[in-house]
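# Tertiary structure, described
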Amino acid sequence: MSASGGTRAIVAALAANLAIAVAKFVAFIFSGSSSMLAESVHSLADSGNQGLLLLGGKKAQREATPQHPFGYGRERYIYAFLVSIVLFTVGGMFAIYEGIEKINEPHPIEAWYWPVGVLVFAIIAEGFSFRTAIKESNEIRGGLSWGQFIKRAKAPELPVVLLEDFGALVGLVLALGGVGLALATGDGVWDGIGTLCIGVLLIVIAIVLAAETKSLLLGEAAGTEDVEKIKAALVDGDVVTGVIHMRTLHLGPEELLVAAKIAVQHDDTATEVADAINAAEARIRAAVPIARVIYLEPDIYHAEADTTAKP
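First, a word on scope: everything that follows refers to the structure included in this document. (Residues numbered from 1 in each chain as written. Predicted model: local features only at pLDDT ≥ 70, side-chain atom pairs only at ≥ 80, totals over all residues. Heavy atoms only, no water.)

## Quick notes on the sheet that holds strand S3 (residues 291-300)
The condition is simple: A pair of strands counts as paired when DSSP detects no fewer than two bridges linking them. Numbering of helices and strands starts at the N terminus; helices are DSSP runs of H or I of at least 4 residues and strands are runs of E of at least 2. All axes are obtained by fitting lines to C-alpha atoms, using only the stretch in contact for helices, and the reported angles, taken between N-to-C directions, cover 0 to 180 degrees.
Read from one edge of the open sheet, three strands run S1-S2-S3, paired in mixed fashion. Edge positions in the sheet fall to strand S1 (242-252) and S3, since each of these pairs with one other strand and no more. Neighbour to neighbour, the strand axes of the sheet diverge by 15° on average, direction disregarded. Relative to S3, strand S2 (residues 255-264) runs parallel, the two sharing nine bridges.

## Re the packing of aromatic side chains
This is how it is decided: Aromatic pairing here means that ring centres of Phe, Tyr or Trp (its six-membered ring) are within 6.5 Å. Orientation follows from the plane angle: under 30 degrees is stacked, over 60 is edge-to-face, and everything else is tilted. We call a residue buried when its accessible area falls under 20% of the maximum for its residue type, exposed when it is over 50%, and partly exposed in between, using a 1.4 Å probe and counting protein chains only. Only Lys NZ and Arg CZ are tested; either one counts as a charge over a ring when it is within 6 Å of the ring centre and within 35 degrees of the ring normal.
Throughout the structure, instances matching the rule amount to four aromatic pairs. Between the aromatic rings of Phe25 and Phe28, the centroid separation amounts to 5.9 Å while the plane-to-plane angle is 40°, which identifies the pairing as tilted. Linking Phe25 with Phe28, this pair stays in helix H1 (residues 7-31), spanning three residues, or about one helical turn. Residue Phe25 is classed as partly exposed on the basis of its relative accessible area of 41%. The lysine or arginine in question, Arg62, covers the ring of Tyr72, its NZ or CZ lying 3.9 Å from the ring centre. The ring of Trp146 is capped by Arg141, whose NZ or CZ atom sits 3.9 Å from the centre of that ring.

## Re the side chain of Ser31
To keep things clear, this is the line we draw: We define a polar contact as two N or O atoms separated by no more than 3.5 Å, with the added condition that, inside protein, one atom must be a possible hydrogen donor and the other a possible acceptor, whereas residues neighbouring each other in sequence contribute only through side-chain atom pairs. Residues are treated as being in contact if the distance between any of their heavy atoms lies within 4.5 Å.
As for its position among the elements, Ser31 is in helix H1. For Ser31, a relative accessible area of 1% puts it in the buried group. Of note is the side chain of Ser31, whose polar atom sits 2.6 Å from the backbone oxygen of Ala27. Excluding residues that lie within four positions of it along the chain, Ser31 makes contacts with Met36, Pro108, Ile109, Glu110, Ala111 and Pro115.

## Here's the deal with the packing of H1 against helix H4 (residues 113-141)
For the record, the criterion: Just so you know how the angles are binned, under 35 degrees is roughly parallel, over 145 roughly antiparallel, 65 to 115 roughly perpendicular, and the rest oblique. Throughout this entry, Asp, Glu, Lys and Arg are counted as charged residues, while Ala, Val, Leu, Ile, Met, Phe, Trp, Tyr, Cys and Pro are counted as nonpolar. The remaining residues, Gly among them, count as polar.
Viewed as axis vectors pointing N to C, H1 and H4 meet at an angle of 170°, and their least axial separation amounts to 9 Å. Here H4 runs roughly antiparallel to H1, going by the angle between their axes. Looking at side-chain class alone, the contact of H1 with H4 contains 18 nonpolar, four polar and four charged residues.

## Examining empty space enclosed by the protein
Selection criterion: Cavities and pockets were defined on a 1 Å grid built over protein atoms only: a cavity is a set of grid points that admits a 1.4 Å probe from which the probe cannot escape, a pocket is an open set flanked by protein on both sides within 12 Å along at least five of seven lines, and lining residues are those with an atom within 4 Å of any such point. Grid points are joined across faces, edges and corners, and a volume is the space filled by probe spheres set on the points.
Per the counting criterion, the structure on display carries one cavity of 30 Å³ or more. Computed from the structure, the largest cavity encloses a volume of approximately 80 Å³. The wall of the largest cavity is formed by Ile150, Lys151, Ala153, Pro156, Pro159, Val160, Leu163, Leu209, Glu212, Thr213, Leu216 and Glu220. Those elements giving two or more residues to the lining of the largest cavity turn out to be helix H5 (146-152), helix H6 (157-185) and helix H7 (189-218). A per-element tally of the lining of the largest cavity places H7 first, with four residues.

## Points about the nonpolar core
Nonpolar side chains in soluble globular proteins tend to be buried together. This is how it is decided: Only buried residues count toward a nonpolar core, which is a set of Ala, Val, Leu, Ile, Met, Phe, Trp, Tyr and Cys residues joined through side-chain atoms within 4.5 Å.
Ranked by internal contacts, the top residues of the largest apolar core, which has 40 residues, are Leu53 and Val161. If you list the elements that add at least two residues to this core, you get H1, helix H2 (34-59), helix H3 (75-104), H4, H5, H6 and H7. Here the element with the most residues in this core is H6; it accounts for 10 residues. Counting 22 residues, the second largest nonpolar core, distinct from the first, contains Leu234, Leu256, Val258 and Val264.

See the structure below:
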């Protein structure tokens, strides 16, 4: 996985979540807090998610085969989609179940200093992980807002880690609030309510992740800026006089397929057209390096037969 895939952010999140999961589970054993149990399962699920992202990045690096001639770049999308499912089933549904159980059968929190201390430690550790993800994202985000970055990013790892870390921090605040209210009132129902809120939060994040990764799995075109660069690179004003229509498709986060029908003059020779196509491919790869698979079809342009559509 390339640096732009956010490997550093994934490793930072994995290390933080493993340490936090152990600490939360120990706190649950000593305190009996359902919020701590839900949060320990949440952190364990997040650790598994980061493992899946790393595995997907590794598998995506395999060479193309006759059975998969365009390579395995989309493996990263598949594993990112699995992450959203794991977050929903393991994290969200378990937290909702545990929260309902605690509300129906509340019990006071024992050894309050365990959950409070662990939650403060977890907020610091998750804050470090979140800071790393933000730093990695800022290197490629450009002028996009955070919402636009998450929606438009072709590499799924950083948006996944960003949303996971954001959800983890909000969940920790909810857990701290539930534990604090349970301690202040002596009513364990608040601990259950905090746990229930954590579950709802995780499900919302999982739905957002699933929607974004589903779009990537279905196949997304290149961004508007890259499309314009490719069109400009295609036309040389000599042999290639225009683009009749063009389609682009991400075969993976860092591999783009370009298929275009280009307009040539009726009196151009086959050699001239072939040379022009080779030159156009070189210009495209120079302008958009991830455009690695390019198919160009020359045709005589007729205005009445123009089927130009948005790429």
